[in-house]
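# Results of the structural survey
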Amino acid sequence: MAIMSFIFAFFFFSSLQPILSLYEDQVGLMDWHQQYIGKVKQAVFHTHKTGRKRVVASTEQNIIATLDLRSGEIFWRHVLGPNDVVDGIDIALGKYVITLSSGGSILRAWNLPDGQMVWESSLHGPKHSKSLLLTTNLIIEKDNSLIVFSNGRLNAVSCIDGEVLWKKDFEEESLEVQQVIQPPGSDFIYVVGFAASSQFETYKINAKNGELLKHESTAFSGRFSGEVSLVSSETVAALDSTGSILLTISFHNGKISSQQTPVSNLLEDSPGLAVIIHSSVTGIFAIKTDAATIFIRVIGEGKLEVVEKTNHETVVSDALSISEGQQAFALVQHAGSNIHLTVKPAHDWDSNLLKESIKMDQQRGFVHKVFINNYIRTDRSHGFRALIVMEDHSLLLLQQGAIVWSREDGLASIIDVTTSELPVEKAGVSVAKVELNLFEWLKGHVLKLKGTLMLATPEDIAAIQYMRLKSSEKSKMTRDHNGFRKLLIALTRAGKLFALHTGDGRIVWSHLLQSLHKSESCRQPIGLNLHQWQVPHHHALDENPSVLVVGRCGPSSDALGVLSLVDSYTGKEFSSLRLVHSVAQVIPLPYTDSTEQRLHLLIDADKHAHLYPKTPEAIDIFQSEFSNVYWYSVDDDNGIIKGYALKTKCSGNVADEFCFDSRELWSIVLPSESEKIITTATRKLNEAVHTQAKLIADQDVMYKYISSNLLFVATVAPKASGEIGSVTPEESWLVVYLIDTVTGRVLHRMTHHGSQGPVQAVLSENWVVYHYFNLRAHRYEMSVIEIYDQSRADNKDVWKLVVGNHNLTSPVSSYSRAEVITKSQSYFFTHSLKAIAVTLTVKGITSKQLLIGTIGDQVLALDKRFLDPRRSVNPTQAEREEGIIPLTDSLPIIPQSYITHSLRVEGLQSIITVAAKLESTTLVFAHGLDLFFTHYAPSRTYDSLTEDFSYALLLITIVALVAAIFVTWILSQRKELQDRWR
Amino acid sequence: MEKGKGVLGAGRRWAVDFSDNSTAPSSRDIPDPPGFTRASVDQDDSAVSRQKKDAEANWKAQKAWEVAQAPFKNLLMMGFMMWMAGSTVHLFSIGITFSALWQPISALQGVGKVFEPYKDNKVELLGPKLLFIALNLGGLALGVWKLNTLGLLPTHASDWVSSLSPAQEVEYSGGGIPL
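Analysis parameters
Residues numbered from 1 in each chain as written. Chains lettered and ligands numbered in written order. Predicted model: local features only at pLDDT ≥ 70, side-chain atom pairs only at ≥ 80, totals over all residues. Heavy atoms only, no water. UniProt positions renumbered as here; feature names shortened; annotations may be inferred. Disulfide = S-S within 2.5 Å. Helix = DSSP H or I, 4+ residues; strand = E, 2+ residues; numbered from the N terminus. Buried < 20%, exposed > 50% of the residue type's maximum accessible area, 1.4 Å probe, protein only. Contact = heavy atoms within 4.5 Å. Buried area = accessible area lost by both parts, 1.4 Å probe. Salt bridge = Lys/Arg side-chain N within 4 Å of Asp/Glu carboxyl O. Polar contact = N/O pair within 3.5 Å; in protein donor to acceptor, adjacent residues only side chain to side chain. Nonpolar A, V, L, I, M, F, W, Y, C, P; charged D, E, K, R; others polar. Pairing = 2+ DSSP bridges. Core = buried A, V, L, I, M, F, W, Y, C linked by side-chain atoms within 4.5 Å. Domains from an automatic or database assignment. Axes fitted to C-alpha atoms, helices over the stretch in contact; angles between N-to-C directions. Parallel < 35°, antiparallel > 145°, perpendicular 65-115°, else oblique. Left-handed = near helix turned anticlockwise from the far one by under 90°.

Looking up chain B in an unreviewed UniProt entry gives the name ER membrane protein complex subunit 4, with the organism given as Gossypium raimondii. Looking at chain B in UniProt, the text filed under Subcellular location (unreviewed entry) is "Endoplasmic reticulum membrane". Recorded in UniProt under Sequence similarities (unreviewed entry), the annotation for chain B is "Belongs to the EMC4 family."

For chain A, an unreviewed UniProt entry supplies the name ER membrane protein complex subunit 1 and the organism Gossypium raimondii. Regarding chain A, the relevant UniProt record gives this comment under Sequence similarities (unreviewed entry): "Belongs to the EMC1 family." Of chain A, the UniProt comment under Subunit (unreviewed entry) reads exactly: "Component of the ER membrane protein complex (EMC)."

What follows is the structure, given as structure tokens:
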């Protein structure tokens, strides 16, 4: 009997071991992954050959990617590092993608079909300069070659293996090379540039061996401004630095002849400062003034003629040669909600090869770039397709007057994310588009049952899998019981707000914010962050939730702020405010008004606090809590942390009852010669903590020091703020502080000698975990600090606790100066980190796990129990029972606990955790260039049945059991009767 | 029975009456043999039965004491089992502990029943009963003690504060590195 129960107990407990990995067929059930490439900078089409037509693009996020021209899907994609900016791309030999990057010092060739790197060569030169990539069909020593100008050196590089065939330095200090031109069919190259901003220089170079054939230069009375535009292979157009005189310079056969034309001669009204637009259309160039874009044709020897003046936002593409000697280019203009795409031949402005009008979503803004490509129609005429990049960074392919596909690449640059609940499902109003009927439901369950009983055929299994993945349940537009369905609201760098459904990641709505749109009063608007403005749940359920978008007009900290309030159900911007003050900080207060609008305090650069919303009710609520509201600022440049309280109304110009002066309460000045602030961390506002007590072995209690006013600050030696390895361990240290931000009290200070940043930290409950590099051990380390309230520790009398005669739950003030003790421990960790977060559950009961964004762009879950300062090499029996893991010097990385499983979130920036309504589950959203979302249960889903639980099987079992009971009852009755008759 | 009677009534050949008429001399026709006294037999009989009763009472009292002491063995046994079970919470130790708690309780509930067979107005049952109760209470105490060693009794501060929500804070502070 005892043995039996032991065996039973063994199986029971062994089945409780958490298994955190997921099965192959569970991929895609809870998670979704979206890949983006970012704002396209340059695109090259590859449509000549038979096979899949594709377009190669380089983006501002330093990505090179090839997309399927039919669907816009990514064939392959390479993310170059943040410092490896792509300068130019091209296709060589019809099979290699050539990229020039890192300021022209790295030239790479990638295999077009599969994206494998074929060769890489590094090009160095005498000085820093503009980088130009020119693919030619020149054959030097039997190799097709590329001409690259970078770092003051002209290189001819073999296409086959990347070998430098010849090089020619242009060492003259002041020379700024503007263009490298190879006239078609010739075997020489022109290098055109300015010297000392006023000399025009041309070099004619033999393309076969790099020999200098001719050098001409001519002086110009004024100064040149930047760009030149190529008008023909031997003529360029330039502007002088005042932007008022146009120059056309031709250098036929090395002879330089120039013509000066004042811009005012061409245009009647004074255009103001003009800039030349880079284009490569023969015979035509464009200049842009404040009001208009002007297209100018060059006729004969330096004669100029204005062909068109467009007042709209107009974008012009590069020239495309469509047949022998014929070039075409595209123009895109806006007209109301339509855009007009016009393709014109280069030689004849007035005729159009194509003119299309396409209805365009207003939420995409203006067209920023256009790339064209041609194809031969069945009637042998030319057809054109255009790839356009919009203001919101989206990418669209236009063909035959329609949008073939679009990509929302704005989502590759998310600034901030918040969440919003979905509408409540009301009786009679079904928001779900596809409700399953009973038959379908039954069919599905029968299929599932077959799967459970292992009777399913492979087709059935595929059907089951499809059903699970496409379950309409998860993508409904209403709230669910478990709180899994939410809206993720993301603000992108382009100033567009997206709402993504957590069920399947689709875009519910998107809105290009008017307040973050360029205008006269706001030249360079940037979005800063997002806050939940109104979260109705109790008494304002009729209201829609809304989010607050905070922005600023310009990059400097004293630029005026802009606010806009967006309805999170519809995406309508129902209020937008241009502030009269700057925005240095946004502090959401823990108070809401009667309509559940959260009070926010905006601190401006002059340290005035402004209360929003500006309603009398808000001010009443705020007045009652006035003396308890503090704020602090961390000046990381000067190493000063200051705390402020609010004083009375703003002294000064206008009587504004929503504006308050600040009074400095405390400051912590870190010695600038030895410490530099690199990281701060605070607790999440919405984090729920279940209990203040931590039970330790032998029924003992430690009281956590739980305060939302805790600030973690990490500083390093100023010398050591550079890259890892730039200093010796002796001159490098890392100091961490835990500071109470109400009183400025330093609760804990610790120095890690011989350690260096970058530091990633996360603060939750009463602990902080941070990651840094240990120079002595040559390894990354993670440390944990736990902070406990010692002044509560003497609450040990059971009887007092039983009758509730204790002060453990009475409100505490930071001024009561609780006596704290800290415990800390450090461990080695293999990875370097990009981001760190912690799981968040609705009540905070579930044990915590750290979510680590590794350098490989994956998200790894690490149990917090591994980072417990009470770990020791030989824990006692009681400690083992408590769940303390024996101390090891490094943290284990369990391959199954990668929550991104086989996927990568390229360019991972941050990990956001949101609590679901189900206590066991946290929703994880990781974003970078890619987006990844999943549900994660740190201690498994102990409070719900798993998704693959077979209700049908349960039902059938119950029915069968009931039937069996009846049958046996009847049988036994009959038997009894027979027995009696015997 | 009816049948027999019917037969007897119809044609009885002979019958022996086994009924003992010895105690009723008046109804007898035949005088007692000489030297036989009926009274002495009667007296003797009652003495024997009294003796018997005494013996039985003794025996009952003895038995009652035995029954009262029985839990002691049980107690020792339980103690041994508990020692075997160890102080960690698992199925076995919990089973043992709960049986150790349940046994005395059920025994205490049935105190009357246990001593019912030994109920006699001559037998003093209070002593055994008290012993029985005391021993069972001892067993119960042992069970409770075991429960406590397993940590299943709320006798520590930790049991009362484990779900105490954090104290509310008076002050609120926000901020950080300027945007």
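### A look at the state of the cysteines
Residue and element names in this part refer to chain A. One pass over the structure, following the stated rule, counts one disulfide over all chains. Between the sulfur atoms of C522 and its disulfide partner C553 the distance amounts to 2.0 Å. Looking down the S-S bond of the C522 and C553 bridge, the torsion is -110°, so its handedness is left-handed. With C522 in the loop between strand 38 (507-512) and strand 39 (525-534) and C553 in strand 40 (residues 546-553), this residue pair connects regions lying 31 residues apart in the sequence. Comparing C522 with C553 shows no difference in burial state: the two are buried.

### Digging into the interface of chain B and chain A
Between chain B and chain A, the residue contacts involve 30 residues of the former and 60 residues of the latter. Buried surface at the junction of chain B and chain A, summed over both partners, amounts to about 3,800 Å²; 63% is from carbon and sulfur atoms. For chain B, the biggest contributors to the area lost against chain A are E171, Y172 and L179 of chain B; these three give 22% of the whole. Where chain B packs against chain A, one counts zero salt bridges. Counting across the chain B and chain A interface gives 22 residue pairs in polar contact (both at pLDDT 80 or more). Across the side of chain B that touches chain A, the residue classes break down as 14 nonpolar, 14 polar and two charged. Pairing geometry for strand 46 (residues 629-635) of chain A and strand 1 (residues 172-176) of chain B, over five bridges, is parallel.

### Quick word on the nonpolar core
Counting residues in hydrophobic clusters, the biggest one holds 37 residues, and the most contacted among them are I37, V40, L387, L395, F925 and L931 of chain A. Two domains each put at least three residues into this core: domain 1 (312-373 + 384-410) and domain 2 (413-424 + 487-581) of chain A.

### Overview of the packing of helix 3 (residues 438-452) of chain A against helix 4 (residues 458-469) of chain A
Residue and element names in this part refer to chain A. Their axes nearest at 10 Å, the elements helix 3 and helix 4 cross at an angle of 125°. Between helix 3 and helix 4, the angle is such that the two are oblique. When the axes of helix 3 and helix 4 are compared, the crossing they make is left-handed. Across the interface between the two elements, G444, L447, K448, K450 and G451 from helix 3 touch D460, A463, I464 and M467 from helix 4.

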